[in-house]
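Letter by letter, the chains look like this.
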Amino acid sequence: MLNEILATLQVLSLPTRTNFRSVTKREVALFKGPSGWGEFSPFLEYGKDEAAYWLGAGIEAAFGELPKLQRDEIEINATLPAVDSQIDVERILSWYPGAKVVKIKVGDDLEADLNRIQHAINFNDNLKIRLDVNGGWSVKQAEDSIAQIVQRFGLERFEYIEQPVATLQELKELNLPIPVAGDEVIRKAKDPFSVDLQGAVDILMLKVSPLGGIARSLAIAKHHNLPIVVSSALESAVGISQGIKLAAALPQLNYACGLATGKLLSNDVAELPIIAGRMKVSEVHPTGMLNFQAAPERITWWKNRIRDSFEVWQARN
Ligand SMILES: [Mg+2]
């Protein structure tokens, strides 16, 4: 299998349209197996233990089997990175036609956060809002900030807040008037099955690549028995299409999913259209890859990374 992965490997450097997680070029590795294309795209700083889960997700896509799907399309949300001007907010939100919900990155500066939320509402007064802090606040900061945000925009505007604080302990201490979603608390856990989320989060975010694939994500969802939101790890269309399949395979899906982040890339390997705020399950056939080929030394780096991660993946399976 490793030979097949390396023989079909394409290492791409996809330019982003905005600075997202300080990333302006998204490097992804794609490979092909009997079931289709798979993606391996852990962020560059991740070590092999973490990267091996991402490889497992790609292997599942290229060599595995699809679970039974419950639906053939899903609702998506807009994703708004930490941009500050009204013009930038409107430019980005216009990429998600028909989206009724926007996820807004906040947490660095409350004044800027309040303005960013206001800009989104100016763009579309009917938008529901979810916030994502990526664990950046203390418990007190979270409670004070949310009090101010809710006072200004009203409670009904907000769907939930994602990881207002970093740790499980802090999530349990926290007392907020809006539901709390857990992301890093599961995604970064050594064993996502052994984290006791009782009293910590109301909603669980699942990301198919970091969690090791569709089957493992479904097992995590079943284990925790919480409402699920499927979200992306800024993958190319190949990885995103697996996220859509995960969302389509969940027994229950009551929230829009954060799977429209391909819009944050200037170029993607395939088009996954958003129609009336929804995306369809589809097989992705990447094209135009020659235009985005990474430099030879980067290809060598990714090949070594795949070998290291494959060893870890194999030992676990
Ligand atoms: Mg998050």
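Residues numbered from 1 in each chain as written. Predicted model: local features only at pLDDT ≥ 70, side-chain atom pairs only at ≥ 80, totals over all residues.

The phi angle at Asn134 is positive, at roughly 50°, despite the residue not being glycine. Looking at the element boundaries, Asn134 is found in the loop between strand S7 (128–132) and helix H5 (139–153). Residue Asn134 is classed as partly exposed on the basis of its 16 C-beta neighbours within 10 Å. Of note, the phi angle at Gln163 is positive, near 35°, even though the residue is not glycine. Inspection of the secondary structure puts Gln163 in the loop between strand S8 (158–162) and helix H6 (168–173). By the C-beta count within 10 Å, which is 27 here, Gln163 ends up buried. (Helix = DSSP H or I, 4+ residues; strand = E, 2+ residues; numbered from the N terminus. Buried ≥ 20, exposed ≤ 12 C-beta atoms within 10 Å, placed from the backbone.)

On to the domain arrangement of the protein. As assigned here, the protein comprises domain 1 (2–66 + 289–316) and domain 2 (73–280). One C-alpha centre belongs to domain 1, the other to domain 2; they are set 24 Å apart. Contact with domain 1, which involves 24 residues of that partner, is made by 24 residues of domain 2. Looking at the side of domain 1 that touches domain 2, the elements with two or more residues in it are strand S1 (10–20), strand S2 (23–33), strand S3 (36–40) and helix H2 (48–63). Counting residues per element, the side of domain 1 that touches domain 2 draws most heavily on S1, which supplies seven residues. Within the side of domain 1 that touches domain 2, the residues separate by chemical class into 15 nonpolar, five polar and four charged. (Domains from an automatic or database assignment. Contact = placed C-beta atoms within 7 Å. Nonpolar A, V, L, I, M, F, W, Y, C, P; charged D, E, K, R; others polar.)

Residue placement: Met289 occurs in the loop between strand S12 (278–280) and helix H10 (296–316). Taking the C-alpha atoms as reference points, Met289 and Gly154, 135 residues apart in sequence, are found 46 Å from one another. Those residues in contact with Met289, other than ones at most four positions away along the chain, are Gln10, Leu12 and Val269.

Attention shifts here to the pairing of strand S11 (residues 228–231). Of the two faces of S11, the one lined by Ile228 and Val230 and the one lined by Val229 and Ser231 are each fully buried. The pairing of strand S10 (residues 203–207) with S11 spans four bridges and is classified as parallel. Within S11, the residue paired with Leu206 across the bridge is Val230. Taken together, S10, helix H8 (residues 214–224) and S11 constitute a β-α-β crossover, and its handedness is right-handed. (Pairing = 2+ DSSP bridges. Right-handed = clockwise from strand over helix to strand, strands pointing away.)

Turning next to helix H9 (residues 237–249). Taking 1.5 Å as the rise per residue, H9 with 13 residues should run 18 Å; its terminal C-alpha atoms sit 18 Å apart, in good agreement. Along H9, 13 of the 13 residues are buried, which leaves the element largely enclosed by surrounding structure. (Expected span 1.5 Å × (residues − 1).)

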